[in-house]
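Architecture and fold: a report
Each chain is listed here by its residues.
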Amino acid sequence: MASENSQLHSVLVSGTNQGLGYHTVHQLGAAPNTLVFMGARKLAAAEEARAKFAADIHPSSTVVPIQLDITDPTSIKNARDFVEKYLKEKGLTGLDALVNNAAIAIGSFQDVYAVNVFGTSDFTQAIRPLIKKNGAIVNVSSTMGSLHYHTQRPAPTIAYEYSSSKSALNSLTLQWAIEEEQKGSGVRVVCICPGYNATKMNGFAGTMDPADGCKIIVKTALAKEGRSGVFINKDGDVKW
């Protein structure tokens, strides 16, 4: 069993009961030999979401719902402890990838930064010791966080709280990438813009189907090698 489980590709995803996170977990679970931890603020919501695609989960794969609120230190600790224990019980040495997907777009600066920046940072720091050598940290960002994007005219959409929070996440991506490089860990840190997807976050006004938008996230989370310290979308590099 241990040798079989060692072949599993393990991924932890936050913010998964709807939208991009839901489709990301759905597609990861449909891939062979994956173990996916499906984090959501309410465990029941994750369980309900999983039930919708349970029939699509590959026979060799497992999707495990977990309660996770990245703004709550106790929830972060409990999620970390659960994942660590589960991995050990399955004979796995750690996580292959962490996908930081949880985010909000509307609210005060304090509310948006609590999730998109502080929560994401706290959660990543808590989970980092579980990530295997040559693993990956995948940060779901947005072109709206690109400083280059905001130099363009006509002026892009103004969303002070959301855009600046994603700019901060982009900066964290680069700094974490440098840190991993200096440690020689082989851990890749990548920023992804999945595009303008029709999700609850934007009132379903997006022009892309999140089932398509998530594909670049899934591909990056499943990759066993690649570049680090990059900002990408489905078409290639995005200017910072």
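Residues numbered from 1 in each chain as written. Predicted model: local features only at pLDDT ≥ 70, side-chain atom pairs only at ≥ 80, totals over all residues. Heavy atoms only, no water.

Read from one edge of the open sheet, eight strands run β3-β2-β1-β4-β5-β6-β7-β8, paired in mixed fashion. At either margin of the open sheet sits one strand with a lone partner, and together these are β3 (62-67) and β8 (236-237). As judged from the five bridges shared by strand β1 (residues 9-13) and strand β2 (residues 34-40), these two strands associate in the parallel manner. If you follow S10 over to β2, its bridge partner there is L35. Each of β1, β2, β4 (95-100), β5 (131-140), β6 (188-192) and β7 (230-233) touches helix α8 (residues 215-222); the most contacted strand, β6, lies at about 175 degrees to it. (Pairing = 2+ DSSP bridges. Helix = DSSP H or I, 4+ residues; strand = E, 2+ residues; numbered from the N terminus. Contact = heavy atoms within 4.5 Å. Axes fitted to C-alpha atoms, helices over the stretch in contact; angles between N-to-C directions.)

A few words now on the pairing of β3. Across a regular strand the side chains alternate sides, sitting on one face of the sheet and then on the other. Direction of pairing for β2 relative to β3: parallel, over a ladder of six bridges. Looking at β3, one finds that M38 is bridged to P65. As for the winding sense of the linkage, the β-α-β connection from β2 through helix α3 (residues 43-53) to β3 is right-handed. (Right-handed = clockwise from strand over helix to strand, strands pointing away.)

On to the side chain of D96, then. Note on placement: D96 falls in strand β4. Given a relative accessible area of 13%, D96 falls into the buried group. Here the side chain of D96 touches K132 through a polar contact of 3.1 Å, side chain to side chain. Aside from chain neighbours lying at most four places away, what touches D96 is L8, H9, S10, K132, G135 and A136. (Buried < 20%, exposed > 50% of the residue type's maximum accessible area, 1.4 Å probe, protein only. Polar contact = N/O pair within 3.5 Å; in protein donor to acceptor, adjacent residues only side chain to side chain.)

What follows concerns the side chain of H23. With respect to the helices and strands, the residue H23 is situated in helix α2 (residues 19-30). In this structure H23 comes out as buried when scored by relative accessible area, which is 18%.

What follows covers the pairing of β5. Of all 10 residues in β5, seven are buried; the element is thus mostly enclosed. Traced from β4 through helix α5 (residues 109-127) to β5, the parallel crossover comes out right-handed.

With that settled, the discussion passes to the nonpolar core. Ranked by size, the top nonpolar core spans 31 residues in total, and within it L12, L35, F37, V83, L95, F123 and I127 carry the most contacts. Elements represented by at least two residues in this core include exactly β2, β3, α4 (73-89), β4, α5, β5 and α6 (160-183). Those residues within four positions of L12 in sequence are excluded, and the remaining contacts are F37, I66, V83, L95, A97, L98, V99, F123 and I127. Among the nonpolar cores identified, the runner-up in size contains 28 residues, and V25, A46, A97 and I216 belong to it. (Core = buried A, V, L, I, M, F, W, Y, C linked by side-chain atoms within 4.5 Å.)

Taken as a whole and judged by the stated rule, the model has nine salt bridges. The shortest N-O distance in the salt bridge between R80 and D81 comes to 4.0 Å. Here R80 falls in the buried class, since its relative accessible area comes to 18%. Residue E84 is joined to K88 by a salt bridge in which the shortest nitrogen-to-oxygen separation is 3.8 Å. With E84 and K88 both in helix α4 and four residues apart, this pair spans about one turn of that helix. On the basis of relative accessible area, E84 is assigned to the partly exposed category, the value being 24%. Since its relative accessible area comes to 60%, K88 is described here as exposed. In this structure, a network of salt bridges that share partners links the residues K77, R80, D81, E84 and K88. (Salt bridge = Lys/Arg side-chain N within 4 Å of Asp/Glu carboxyl O.)

Moving on, we come to the environment of Y86. Relative to the elements of secondary structure, Y86 occurs in helix α4. By relative accessible area, Y86 is classed as buried at 16%. Between the alpha carbons of Y86 and A30 there is a distance of 20 Å; along the sequence they are 56 residues apart. In this structure Y86 touches L35, F37, T62 and V64, once residues within four positions along its chain are discounted.

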